[in-house]
Amino acid sequence: MPIKIENLFYDYNPNTPFVAHALKDINLEIGENYFYALIGETGSGKSTLVQHLNALLWPSKGTIRIDEHFIDGNNKKLQKKKKKGVKKLRSHVGLVFQFPEYQLFEKDVLKDVAFGPRNFGIKEEEAIQIAKDSLNLVGIDESYYNRAPFELSGGEKRRVAIAGIIALKPKILVLDEPTAGLDPLGEKEMMDLFLKIHQNGTNVILVTHNMDIVLKYAEKVIVMDKGEVKRFVTPLELFQDQEFLNTVAIEPPLVFKVARELIDNGLNLDLKNISDLPSLASEIAKSKGETK
Amino acid sequence: MRNFAMGRYRPYNTPMHRLDARVKIIALVSLMVAVFLGYGSVPLNFIIYGLIFLGLVVAMIIGKVSFLGVLRAIKAMWFMMIFILLFNVLIPTKGGDYFLIGDFKVYYSSIYNTLYIVFRLFLMLMITSILTATTSPMDMTFGLEFLLTPLKWIKVPVSSFAMILALALRFIPTLTEDTERLMRAQASRGVDFKEGKLKEKIKSITSLIIPLFSSALMRSGDLAIAMECRGYDPKAKRTKFRRKNWRISDTLWLLFFLVIFGGSIALAVLGGKYDFFQMFLDLFK
């Protein structure tokens, strides 16, 4: 599912005193079959960028190609007119917002999950079946089907909401901080769920502030800062580059933080050899052997 | 879209913005009185509306108020204008000059009446949008609370009303943000808020309203607890965080608008007895 973004600009509140340049000249090419992370400080333009991926925001300038879909921000006429094919794109790219539990509204869980597919013209019975499959995937069992979404717990609500997006059967699933506000166990379950979805053949783009998640799950990571893409590398390459991390104020994952502290305190470690806990341990052992 | 909305506060620093909120509210009231009075004769009415219009345009330029919002309002008023015109033409009037369309008598007075209503509404829109665009919500609440002080003497809880108003104004942007976020979230699930049959539209609105209400109610609960924790007591006497300095220019403008207020009422009362416009024309004979 190639995504190609060229010279993308986006301004909030153009031509007013409140104008904010959210995206500045974004160029990105994303291949196929991926689990990528998108990181950056609050206000760096991550959410703005992902909203472009299903045409919720229309570029001020530049183009986006997602498979057969094409978003042309340079064509000013198109901005005013009804944007053709947008609806199709929205089922192609599923977008899970921050705190998705707020979007639940139906009178029972099953109906809420079936709401998405129904909007895309799928027949009632089939939509219910898809809803059941999606709920099954996120680990919500039959006993929940007829309960009102508002009486579920926070974590359950979020699962239901995510099932509502999965039910659209998107080729690309974009998740905007899906683990915010969950406890560590819930976070792990949620991430394992996304990994499962990915293994079933869906591409995943994950917006997150949690670098441990990035290190553990992401194949590559896109780093944004002040509306620009600064890096598009593997997590290891990113976290081993301490100088760059300092410039964008990203807190490295725990393993790298520990390694950094050890180096600062005089231990002779090579960051290049460290990728996870065992490699850190063996690196420490090695340096101890050397100093002896 | 909401950024061009008529009357949204625009944070500039112009003489209009620096004018005390109380003066601006009094100005609003006196100008509205002036706009809604009749001055006896048709030309005089239009002259006075024109003068007010010119004054407001100057105020808009000084205060950097967006003309776009007001222009939109006119566009929206077209339909109403035609509707009012039809009504005025069809309702029997007491007479005067008329012209004929076929066999039907159309009185000039009914056309004038329509124009009055449209002009008055339009001027009112201009006045209110100038007020809200140049006065921050906090200042406005403070001004209202101050001006309503007399009601406190008859045990009306003005401070509580002011607090409610301040909170409501404070939460408009938050709720707008909530609405936009929800609209985007539901749009991602294939809801189309613009197209579709009536039934689909109703459904799409429910998908917006129910979550919005639930989050608004939760918010208000949290807010009430937070206020309680900080010791809010509606009956306690409150001090002001921001003190406003009353300046000479404020006094001058206050006097100016009081003159307009008194003058317009006097003119309207006398205008019922004498035709000032005719007297004015006679001067040059």
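Just so you know, these numbers come straight off a predicted model, no measurement behind them.

Engineer: Is there a simple way to think about the packing of aromatic side chains in this case?
Structural biologist: To describe a pair of aromatic rings, you give the distance between the ring centres and the angle between the ring planes. Using the criterion set out here, one finds 20 aromatic pairs over all chains in the structure. Note on Phe280(B) and Phe284(B): the rings are 5.4 Å apart at their centroids and 75° apart in plane angle, and the pair reads as edge-to-face. Classification of Phe280(B) as partly exposed rests on a relative accessible area of 46%. These aromatic residues form a ring-pair network of at least three members: Phe46(B), Tyr49(B), Tyr112(B), Tyr116(B) and Phe119(B). For Lys61(A), the ring lying beneath its charged end belongs to Phe9(A), and the centroid distance is 4.7 Å. For Arg231(A), the ring lying beneath its charged end belongs to Phe244(A), and the centroid distance is 3.9 Å.

Engineer: So what exactly am I meant to see when it comes to helix H8 (residues 158-188) of chain B here?
Structural biologist: Side chains three or four residues apart in an α-helix point the same way, a direct result of the helix having 3.6 residues per turn. The end-to-end C-alpha distance of H8(B), which contains 31 residues, comes to 44 Å, matching closely the 45 Å that a straight helix rising 1.5 Å per residue would cover. The principal kink in H8(B), of about 35°, is found at Ile172(B), preceding the proline Pro173(B) by one to four residues.

Engineer: What exactly am I supposed to notice about the environment of Ala266(B) here?
Structural biologist: Here Ala266(B) is to be found in helix H10 (residues 248-273). Measuring from C-alpha to C-alpha, the distance between Ala266(B) and Arg189(B) comes to 62 Å, with 77 residues separating the pair along the chain.

Engineer: What am I meant to see in helix H6 (residues 154-166) of chain A here?
Structural biologist: All names here are of chain A. The end-to-end C-alpha distance of H6, which contains 13 residues, comes to 18 Å, matching closely the 18 Å that a straight helix rising 1.5 Å per residue would cover. A large share of H6 lies buried, amounting to 10 of its 13 residues. Those residues of H6 that sit buried are Lys-157, Arg-158, Arg-159, Val-160, Ala-161, Ile-162, Ala-163, Gly-164, Ile-165 and Ile-166. Buried-residue contacts for H6 involve strand S6 (93-96), helix H4 (109-119), helix H5 (124-137), strand S7 (172-176) and helix H7 (184-199).

What counts and what doesn't
Residues numbered from 1 in each chain as written. Chains lettered and ligands numbered in written order. Predicted model: local features only at pLDDT ≥ 70, side-chain atom pairs only at ≥ 80, totals over all residues. Heavy atoms only, no water. Phe/Tyr/Trp six-rings, centres within 6.5 Å; stacked < 30°, edge-to-face > 60°. Buried < 20%, exposed > 50% of the residue type's maximum accessible area, 1.4 Å probe, protein only. Lys NZ or Arg CZ within 6 Å of the ring centre and 35° of its normal. Helix = DSSP H or I, 4+ residues; strand = E, 2+ residues; numbered from the N terminus. Expected span 1.5 Å × (residues − 1). Bend = angle between axes of the 7 residues up to and from the residue. Contact = heavy atoms within 4.5 Å.

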